[in-house]
Amino acid sequence: MRQSSTFFSLLVLSLAYFAMGVAGLAVVGALPTIAQGLAASRADIANAVAAFAITFAIAAPAVQIFLAHVPRRTLLLRGLGMMALGTLLSALAPSNAGFIATRVVAALGASAVGPVASVIGASIVPREQQGRALATVFSGMTMASVLGVPLSAWLAVHLGWRPMMLGVACFGLLACALSAGFVRDRDESAPMTLSKFLSVAKEKSIAFGIAVMALEMAGMFVTYTMISPMLHERFHATVGQVSFALFMLGLAGLAGNTIAKRIGDVWPAERSVAIALGILGLAFIGLFAAPASLSIAIALIALWAIGNDLFMPSQQRRLIGLAPESRGLVLAMNSSAIYIGMSAGSYASGRIYSVFGVAPLPLVTAIFMLAALAALWLSHRSQVRATGACPACIS
């Protein structure tokens, strides 16, 4: 595959990731409008967000096991199509119960998009370029987090939430059409079976490696869930300043993704993960200890975003290095860990905030990052003990 066509294929896979991210995040941005339109409470619509996350977490590895006979490109196309269908049905849902059901359909489709897009992206480039390729593909999720929530909120208010969801569905179909036309899969790994899944899942190095992802996301969402109240109460930010801070979070995330592309060709995956977790720990300790200065808070939020977007592709690259023959499964397990961490972190955030307020949230997040570093060390030690070498340390 020529370099130009390979790069375009990576961009299309990034677009698929973007479509998946927006399909999941659009409800978050439009939550108040959807609740009003369906005559439901905001908590009811929040249940739809949880239904999407839980379904994705369960389905992502299941897809890799029970649909292993389906070519990955076909799986990607079917996932995008099903995700678009579920989102279209969401736009037509007559009640909250129906809306939750359609989010489950969309999540089932999405569970075949993210992990498969990452696997295909890694398979169409030489091994030494996998870090850059994974960062390019995952940049779609970064863009979805930057644009998905504020854009869906704006469209829901000005056009209505049903036309907004329809637009998200159409974008999913566009990603499907482009993937059909320009993406080819060169991965030749053996099909996944249930016995192979059990064998992979019981490997301590992989189990601890997946725990790194869950702990990082749980920690991040302890603070991210309450970032608006934190900026209001801790740093005295206005509504406009909160919006600016969130925009800087997204913009710095793009910078972090760019850094990840460059160092992915130079640094071992394990070193990149460790440094990223260190950056995140420092950023959140800073947010806990900093004076009530909004400019300092925004600088620390930018550091947070850079660390997170360095972490994400590096974590994927490390898992591929640990289990190159089971890359689809370990990436699916990693995706499940993302949503499990998000759910656990959001729940913990609400409980901590209701008792102690916003002040301790960044410190709790920093503790989670320390726990993720400990899990990384345990994963490394387990791999060295099992094989006498650490593929993730040199890939």
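Along each chain, numbering runs from 1 in the same order as the chain's sequence is written. Totals for whole chains, interfaces and linings use every residue, but because this is a predicted model, local features are given only for residues with pLDDT of at least 70 and side-chain atom pairs only at 80 or more, for both listing and counting. To obtain the side-chain values, all non-hydrogen atoms of the structure were used and water was disregarded.

Draft legend 1. Structural context of the packing of helix α7 (residues 130-158) against helix α12 (residues 239-263). In contact at an axis separation of 9 Å, α7 and α12 are set at 175° when each is read in the N-to-C sense. Taken together, the axes of α7 and α12 are roughly antiparallel relative to one another. On the side of α7, the interface is formed by R132, A135, T136, F138, S139, T142, M143 and V146, while α12 contributes G250, G253, L254, N257, A260, K261 and R262. Residues are grouped as follows: Ala, Val, Leu, Ile, Met, Phe, Trp, Tyr, Cys and Pro are nonpolar; Asp, Glu, Lys and Arg are charged; all remaining types, including Gly, are polar. Looking at the contact of α7 with α12 residue by residue, the class counts come to six nonpolar, six polar and three charged. Each axis is a line fitted through C-alpha atoms, taken for helices only over the stretch in contact, and angles between the N-to-C directions span 0 to 180 degrees. Labels follow the DSSP assignment, with helices taken as runs of H or I lasting at least four residues and strands as runs of E lasting at least two, numbered in each case from the N terminus. The scheme is simple: roughly parallel for angles under 35 degrees, roughly antiparallel for over 145, roughly perpendicular for 65 to 115, oblique for anything else. Any two residues whose heavy atoms approach within 4.5 Å at even a single point are treated as in contact.

Draft legend 2. Here's a closer look at a nonpolar patch on the surface. For patch building, the residue pool is restricted to those with more than 30% relative accessible area and no salt bridge; the joining distance is 9 Å between like charges and 5 Å between nonpolar side chains (Val, Leu, Ile, Met, Phe, Trp, Tyr). To measure how exposed things are, a 1.4 Å probe is used in the Shrake-Rupley method; for residues, cover is taken only from the protein chains shown. Counted as salt bridges are all cases of a side-chain nitrogen of Lys or Arg within 4 Å of a carboxyl oxygen of Asp or Glu. Taken together, the side chains of L85, L88, L89, L92 and L166 present a nonpolar region at the surface, about 420 Å² in accessible area. It is helix α4 (residues 72-92) that provides the largest number of residues to the nonpolar patch, a total of four residues. Following the sequence through the fold, L85 ends up in helix α4.

Draft legend 3. Examining the nonpolar core more closely. Among buried residues, those of type Ala, Val, Leu, Ile, Met, Phe, Trp, Tyr and Cys that are joined through side-chain atoms within 4.5 Å constitute a nonpolar core. Remark: exposure states derive from per-residue accessible area (1.4 Å probe, protein chains only) relative to the maximum for the residue type, with buried under 20%, exposed over 50%, and partly exposed in between. Judged by nonpolar contacts, the single largest core of 120 residues is most densely connected at I45, F99, L231 and W304. Aside from chain neighbours lying at most four places away, what touches W304 is M220, T223, Y224, I227, L249, L280, A283, F284 and L287. Counting residues in each nonpolar core, the second largest holds five residues, with V119, L134, I320 and L331 among its members.

Draft legend 4. Spotlight on the packing of helix α3 (residues 42-66) against helix α15 (residues 327-356). α15 packs onto α3 with a crossing angle of 170° between their chain directions and a minimal axis gap of 8 Å. Relative to α15, the element α3 is oriented roughly antiparallel. From α3, F52, A53, F56, A57, A60, P61, Q64 and I65 reach across to α15, where they touch G328, L329, A332, M333, S335, S336, Y339, I340 and S343. Of the residues contributing to the contact of α3 with α15, the split by class is twelve nonpolar, five polar and no charged.

Draft legend 5. Structural context of the environment of N96. Secondary-structure assignment places N96 in helix α5 (residues 96-110). Placed 32 residues apart in sequence, N96 and Q64 show a C-alpha to C-alpha distance of 31 Å. Setting aside its immediate chain neighbours within four residues, N96 contacts L38, A40, D44 and I45.

Draft legend 6. The arrangement of unusual backbone geometry in detail. Although it is not a glycine, A39 sits at a positive phi angle of roughly 55°. Along the polypeptide, A39 turns up in the loop between α2 (31-37) and α3. Relative accessible area serves as the criterion here: at 75%, A39 is assigned to the exposed category. Phi at H236 takes a positive value of approximately 55°, unusual for a residue other than glycine. In this fold, H236 is placed in the loop between α11 (227-233) and α12.

Draft legend 7. Broad picture of the side chain of R103. Structurally, R103 can be placed in helix α5. Note on charges: Lys and Arg go in the positive column, Asp and Glu in the negative column, and His and the chain ends are not counted at all. Buried within the structure, R103 lacks any salt-bridge partner; D44 is the closest side chain of opposite charge, at an N-O distance of 15 Å. At 2.4 Å, the side chain of R103 forms a polar contact with the backbone oxygen of A23. Not counting the four nearest positions on each side in its chain, R103 is found in contact with A23, G24, V27, A48, F52, T87, S90 and M165. Two N or O atoms form a polar contact when they lie within 3.5 Å of each other; inside protein one atom must be a possible hydrogen donor and the other a possible acceptor, and for residues adjacent in sequence the pair counts only when both atoms belong to side chains.

Draft legend 8. Just the environment of W304, in detail. The topology assignment puts W304 in helix α14 (residues 294-322). Placed 52 residues apart in sequence, W304 and A252 show a C-alpha to C-alpha distance of 8.4 Å.

Draft legend 9. Focus on the pattern of salt bridges. Within this structure, the stated rule accounts for one salt bridge. In this structure, R318 engages E270 in a salt bridge whose closest nitrogen and oxygen atoms are separated by 2.9 Å. With a gap of 48 residues between them, R318 in helix α14 and E270 in helix α13 (residues 269-289) connect regions that are remote in the sequence.

Draft legend 10. Region of the structure containing α13. To estimate how far a helix should reach, multiply one less than its number of residues by 1.5 Å. With 21 residues, α13 extends 30 Å from end C-alpha to end C-alpha; this agrees with the ideal 30 Å at 1.5 Å per step. Burial in α13 covers these residues: A269, E270, S272, V273, A276, L277, L280, G281, A283, F284, G286 and L287.

Draft legend 11. Region of the structure containing the packing of aromatic side chains. Stacked, edge-to-face and tilted are the three classes for Phe, Tyr and Trp ring pairs, Trp counted by its six-membered ring, which pair at centre distances within 6.5 Å; planes under 30 degrees apart are stacked, over 60 edge-to-face, the rest tilted. Evaluated as defined, the whole model comprises eight aromatic pairs. Note on F8 and F182: the rings are 4.9 Å apart at their centroids and 80° apart in plane angle, and the pair reads as edge-to-face. A residue pair is termed long-range when its members are at least 10 positions apart, and F8 in helix α1 (residues 3-29) and F182 in helix α8 (residues 161-182) qualify at 174 residues. Overall, the relative accessible area of 36% leaves F8 in the partly exposed class. On the accessibility criterion, F182 (43% relative accessible area) is partly exposed.

Draft legend 12. Structural view of the state of the cysteines. Note on terminology: disulfide denotes any pair of cysteine sulfur atoms within 2.5 Å. For the coordinates displayed, the defined rule picks out zero disulfides. Unpaired in terms of disulfides, C170 finds its nearest cysteine sulfur in C176, a separation of 13 Å. Taking relative accessible area as the criterion, C170 reaches 45% and is therefore assigned partly exposed.

Draft legend 13. Highlighting helix α16 (residues 361-387). With 27 residues, α16 extends 39 Å between its outermost C-alpha atoms, agreeing within 8% with the 39 Å of an ideal straight helix rising 1.5 Å per residue. By the burial criterion, the buried members of α16 are L361, P362, T365, A366, M369, A372, A375, L376, S379, S382 and Q383.

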